[in-house]
Amino acid sequence: MAETRKVIITCAVTGAIHTPTMSPYLPITPDQIATSAVEAAEAGAAILHLHARDPQTGCPTPIAEVFLEFLPQIKQRTDAIINITTGGGHNMTVEQRLAAPLRLQPEMCSCNMGSMNFGLFPAIEKFSDWQHPWEPQYLERTRDFIFKNTFADIETILEKLGRGCGTRFEFECYDIGHLYNLAYFVDRGLAKPPFFVQSIFGILGGIGCDIENLLHMRRIADKLFGRDYVWSILAAGKHQTNFVTTGAIMGGNVRVGLEDNLYLGKGELAKSNADQVRKIRGILAELSLEIATPTEVRQILALKGVSQVAF
Ligand code: KMH
Ligand code: ZN
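Note that the structure is predicted; figures quoted are calculated from it, not measured. (Residues numbered from 1 in each chain as written. Chains lettered and ligands numbered in written order. Predicted model: local features only at pLDDT ≥ 70, side-chain atom pairs only at ≥ 80, totals over all residues. Heavy atoms only, no water.)

Mapping Asn261 onto the fold places it in the loop between strand S12 (253-256) and strand S13 (263-265). Discounting residues that sit within four places of it in the chain, Asn261 has contacts with His18, Gly237, Lys238, Gln240 and Gln276. Here the side chain of Asn261 touches Tyr263 through a polar contact of 3.0 Å, landing on its backbone oxygen. (Helix = DSSP H or I, 4+ residues; strand = E, 2+ residues; numbered from the N terminus. Contact = heavy atoms within 4.5 Å. Polar contact = N/O pair within 3.5 Å; in protein donor to acceptor, adjacent residues only side chain to side chain.)

At this site the zinc ion (ligand 2) is bound by His49 (NE2), His51 (NE2), Glu259 (OE) and Glu259 (OE), with donor distances of 2.1 to 2.8 Å. The site at the zinc ion (ligand 2) holds six donor atoms, and with the angles between them running 51 to 171°, its shape is irregular. Counting along the primary sequence, the residues that act as donors to the zinc ion (ligand 2) give the motif H-x1-H-x207-E. Of this pair, His51 sits in the loop between strand S2 (47-50) and strand S3 (52-53) while Glu259 is found in the loop between S12 and S13, placing the two residues 208 residues apart along the sequence. Each member of the pair, His51 as well as Glu259, carries the same accessibility label: buried. (Donors = N, O, S within 2.8 Å, 3.2 Å for Na, K, Ca; no water. Tetrahedral: all angles 85-135°; square planar, octahedral: opposite > 155°, others 65-115°. Buried < 20%, exposed > 50% of the residue type's maximum accessible area, 1.4 Å probe, protein only.)

Turning to the sheet that holds strand S5 (residues 81-84), a few remarks are in order. Ordered in space as S1-S2-S5-S6-S9-S10-S11-S12, the eight strands form a closed barrel in which the pairing is parallel. With strand direction ignored, the average angle separating the axes of adjacent strands in the sheet is 25°. When strand S11 (residues 229-235) meets S12, the two strands line up parallel, connected through two bridges. Residue pairing for S12: Ser232 is matched across the bridge by Asn253. Relative to S2, helix H1 (residues 30-43) is tilted by about 155°, and along the sheet it contacts strand S1 (9-12) and S2. Sitting on the sheet, helix H8 (residues 211-225) touches strand S9 (168-173), strand S10 (195-201) and S11, and the angle it makes with S11 is about 160°. (Pairing = 2+ DSSP bridges. Axes fitted to C-alpha atoms, helices over the stretch in contact; angles between N-to-C directions.)

Here it is in structure tokens:
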């Protein structure tokens, strides 16, 4: 792992896992997404990982015009790095997922490193009064849904977005095998160091929230990538704080945000993304760990710069 030693905070602002009924604080409209993202940046997030949602229903949408309703606002109001999802939502084809990133050519995009089950359906049991009919349907369909990220899909992303647009990646690794998939593309010269490896714990279908897995991910990433990778950690739901804190102690970087976890503490919904950023920032301060600025992150991750994006 590369020793960056200033901690990069990524904030994933809204995502495509949670639905409006689950929290009144989940940002939905372009203005809500922009405001929440800017607040998160002001609180210390250097990278903003962004999805778009239909402003009326809150359903994840791949439409570039919707992204364009909040990206310029965020770009004007903060120097944080904008990272657009290529994972999209569980209602999209790979082509739909790539449309906005290819048009907008951000400094960073996510790149999901393997096809997998992605079970959101257990959440259905926890709610009864849905705000929108799409919500339980969207969650239910994940019982029989493959989150498709084949070798061909990943190659397309690396070629078209990476080589074609100069976009660099948050490599989303939900299991140990995904590290080996990344190593395959590194060997082929399609991914260039430094690699920003996001280790993801606690998605139903991916590796679970056991600390042994965190240690093993780190060990295998070290073996495959040596000092050529920058390590970041996220964990779904209630494991968010303990995993990112442990990861930071181990020399890693952290991702928080309402995409990954709706809560601030046990039984307490986070009222904003900034609340979660401030919480981890406070923990990092207690550990005498400094946070990286967007300018420092652009250097650490060799990003093309904000002047090179198409929005
Ligand atoms: N919600 C899933 C489609 C990404 O942003 O690239 C996974 C996801 C990953 O959100
Ligand atoms: Zn995402």
